[in-house]
Amino acid sequence: MDEQNPSPTPSQEARQWAMFCHLAAFIGLLIPFGNLIGPLIVWQIKRELDPLVDDQGKEALNFQITVSIAALVCLLLTLVVIGALLLPLLGLAALVLTIIGGIKANEGLNYRYPLCWRLIK
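Everything numeric in this text was worked out from a predicted model, so none of it was measured.

**Focus on the overall build of the protein**
Scanning the protein from N- to C-terminus turns up four helices and zero strands. Helices and strands in the protein line up, N terminus first, as α-α-α-α. Overall size of the protein, expressed as C-alpha extent along the three principal axes, is 55 × 30 × 20 Å. Burial analysis of the protein (121 residues in total) assigns 34% to the buried set. Expressed as a percentage of contacts within the protein between residues at least 6 apart in sequence, the contacts between residues at least 24 apart total 65%.

In C-alpha cells, the structure reads:
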C-alpha cells in the first residue's frame, strides 16, 4: 500500500455485494416495505465479507429509512394537496440516488446519500 491509496481496493465480489445493498431497494416495487427489507437482508448476510459491504449496506438502509419517513410525511401532506406534488418528486429522487449509489459502490467508493438521516451507525 502506498500513502496516496492507504486502503486496498475491494475485491470485485465485495464491490458487487455493496452494489446489491443499494439496488435491493427495488424489491419495494414488488412487495410492501421491500425497499427496507431488501437492503437489510443483503447487508445482514454479507456485511462481514468486506468493510465496503458493511458500510454501504448501512448507508443504503439508512437512505431507505429516510425515504420511507419522507413518503409518510408526503402522504400526510396530501390532505393539503402539496403532498400529491411532492410524492412523485420523492420517488424520482429516490430512484436516481439509489442507482447512483449502486454505481458508486460498484466502483469501490464509499457513497454518501445527500440529506440522509443516518440512524444505523
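**Here's the deal with the packing of aromatic side chains**
With the rule as written, the count across this model stands at three aromatic pairs. Seen from their ring centres, Trp17 and Phe20 are 5.3 Å apart, and the 80 degrees between their planes marks the pair as edge-to-face. On the criterion of helical spacing, the pair formed by Trp17 and Phe20 is a turn pair, its members being three residues apart in helix α1 (residues 12-23). By relative accessible area, Trp17 is classed as partly exposed at 24%. Here the aromatic rings of Tyr111 and Tyr113 are separated by 5.0 Å at their centres, their planes lie at 80 degrees, and the arrangement is edge-to-face. The structure contains a cluster of three or more aromatic residues connected by ring pairs, namely Phe63, Tyr111 and Tyr113. Its end group placed over the ring of Trp43, Arg47 keeps NZ or CZ at 5.3 Å from the ring centre.

**Some words on the UniProt feature "transmembrane region" (unreviewed entry) in the protein**
Cross-referencing UniProt, the feature "transmembrane region" (unreviewed entry) maps to residues 20-45 and 65-97 in the present numbering. The annotated region residues 20-45 carries 62% helix and 0% strand content, and the separation between its end C-alpha atoms amounts to 12 Å. With 88% helix and 0% strand, residues 65-97 has end C-alpha atoms that lie 14 Å from one another.

Procedures and definitions
Residues numbered from 1 in each chain as written. Predicted model: local features only at pLDDT ≥ 70, side-chain atom pairs only at ≥ 80, totals over all residues. Heavy atoms only, no water. Helix = DSSP H or I, 4+ residues; strand = E, 2+ residues; numbered from the N terminus. Buried < 20%, exposed > 50% of the residue type's maximum accessible area, 1.4 Å probe, protein only. Contact = heavy atoms within 4.5 Å. Phe/Tyr/Trp six-rings, centres within 6.5 Å; stacked < 30°, edge-to-face > 60°. Lys NZ or Arg CZ within 6 Å of the ring centre and 35° of its normal. UniProt positions renumbered as here; feature names shortened; annotations may be inferred.

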